[in-house]
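Each chain, letter by letter, is given below.
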Amino acid sequence: AVVSTQSTGANKDNRQVQIQTHPNIDKQAFLEAGIVRMKQAGRPFPLNTNVGVLKWRFQSNDSKDLPLVINCWPSESGRGCDVNIEYELQDTSLELYNVIISIPVSTQGGVGLTVAQCDGSYDHSHGVLQWTVPLVDRSNSSGTLEFTAPGSADSFYPVGVSFNMNSPFCDIRVSGVNAAGSDQSVPYTTECTAFTEQYSIE
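Residues numbered from 1 in each chain as written. Predicted model: local features only at pLDDT ≥ 70, side-chain atom pairs only at ≥ 80, totals over all residues. Heavy atoms only, no water.

Enquirer: What is the right way to look at the overall build of the chain in this model?
Expert: A tally of helices and strands in the chain yields 1 helix and 15 strands. Across the 202 residues in the chain, those meeting the buried criterion constitute 30%. If you take every contact in the chain between residues at least 6 apart in sequence, the share linking residues at least 24 apart comes to 72%. If you sum the accessible surface of the chain, you get close to 12,700 Å²; carbon and sulfur atoms cover 45% of it. Computed over 12 positive and 21 negative side-chain charges, the inter-centroid distance for the chain is 14 Å. (Helix = DSSP H or I, 4+ residues; strand = E, 2+ residues; numbered from the N terminus. Buried < 20%, exposed > 50% of the residue type's maximum accessible area, 1.4 Å probe, protein only. Contact = heavy atoms within 4.5 Å. Areas by Shrake-Rupley, 256 points an atom, 1.4 Å probe, with all protein chains shown as cover. Lys, Arg positive; Asp, Glu negative; His and termini not counted. Charge placed at Lys NZ, Arg CZ, Asp CG, Glu CD.)

Enquirer: Looking at this model, I keep getting lost on the sheet that holds strand β6 (residues 80-89). Mind explaining?
Expert: In sheet architecture, strand pairing relies on hydrogen bonds along the backbone and comes in two forms, parallel and antiparallel. Across the sheet, 4 strands lie side by side as β5-β6-β11-β8; this open sheet has antiparallel pairing. The strands lining the two open edges of the sheet, one partner per strand, are β5 (68-77) and β8 (114-118). If you compare each strand with its neighbour and ignore which way they point, the axes differ by 10° on average. Sheet topology note: the β8/strand β11 (residues 142-149) ladder contains 4 bridges and is antiparallel. Across the sheet, the residue bridging to Gln117 is Glu146, located in β11. (Pairing = 2+ DSSP bridges. Axes fitted to C-alpha atoms, helices over the stretch in contact; angles between N-to-C directions.)

Enquirer: Could you clarify how one ought to interpret the packing of aromatic side chains in this entry?
Expert: Each aromatic ring pair is characterised by the separation of its centres together with the angle its planes make. Taken as a whole and judged by the stated rule, the model has 4 aromatic pairs. Look at Phe58 and Phe169: their rings are 6.5 Å apart centre to centre, the planes differ by 55°, and that puts the pair in the tilted class. Of the two residues, Phe58 is situated in the loop between β4 (54-57) and β5 and Phe169 in the loop between β12 (159-165) and β13 (172-179); the sequence distance between them amounts to 111 residues. Judged by centre distance (5.5 Å) and plane angle (50°), the ring pair of Tyr87 and Trp131 falls under tilted. Placement of the pair is Tyr87 in strand β6 and Trp131 in strand β10 (residues 128-136), with a sequence separation of 44 residues. (Phe/Tyr/Trp six-rings, centres within 6.5 Å; stacked < 30°, edge-to-face > 60°.)

Enquirer: Quick question: what am I supposed to make of the pattern of salt bridges here?
Expert: A pair can form between side chains of opposite charge whenever their charged atoms are brought close. By the definition in use, this model includes 1 salt bridge. Note that Arg37 and Asp26 form a salt bridge whose closest N and O atoms lie 3.4 Å from each other. Note that Arg37 is positioned in the loop between β3 (35-36) and β4 and Asp26 in the loop between β2 (18-21) and α1 (27-33), a separation of 11 residues in sequence. Residue class for Arg37 comes out partly exposed when judged on its relative accessible area of 31%. (Salt bridge = Lys/Arg side-chain N within 4 Å of Asp/Glu carboxyl O.)

Enquirer: Explain the nonpolar core here, please?
Expert: What tends to happen in soluble globular proteins is that the nonpolar side chains get buried as a cluster. Ranked by internal contacts, the top residues of the largest apolar core, which has 28 residues, are Leu68, Leu96, Ile103 and Phe147. At the level of secondary structure, the elements contributing two or more residues to this core comprise β5, β6, β7 (96-104), β10, β11 and β12. No other element matches β6, which puts 5 residues into this core. Leu68 has contacts with Tyr87, Glu88, Leu89, Leu96, Val99, Val136, Val161 and Tyr199, leaving out every residue within four places of it along the chain. (Core = buried A, V, L, I, M, F, W, Y, C linked by side-chain atoms within 4.5 Å.)

The following block contains the structure:
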């Protein structure tokens, strides 16, 4: 037997997050009570199929809304460029995993790369210096990479950033699942994966 269900979403994000429901979802029920249910009563959600029912979007011009801020300070010298890069976690409630900061660094012309300090680990290949930090969280909210390499100040852009999280960036979560049209709760589990699609500093 297939039981129609409805879930309750909790939007605890205080920012201006734009939320859109799928056309088959009862939009009014979601707007009034945060309930995600099919518009057609009694119609079940598809089984064993990934179905998008909500989409949300957040845009901001304020750097305080970025999960991770990257500052790059290149300083040209007679031996090339001394570069200091630092990261800072803006929201210390977030946990960012597998953080990789990629900097274009060419060693052509016989001048090598010298790393003076690295909070984490690094690898240089194919003209890219990859700085890796396994976990950025409240206890490891900032870090520094210092190196010297050939090039001018603008040679080290764009800086690319990638990471993943086990919680949504916008605080929108499932707070409960009930049988459709009733208060009878249904056992459920949730799994969240968030990752960067494009994150660059130019």
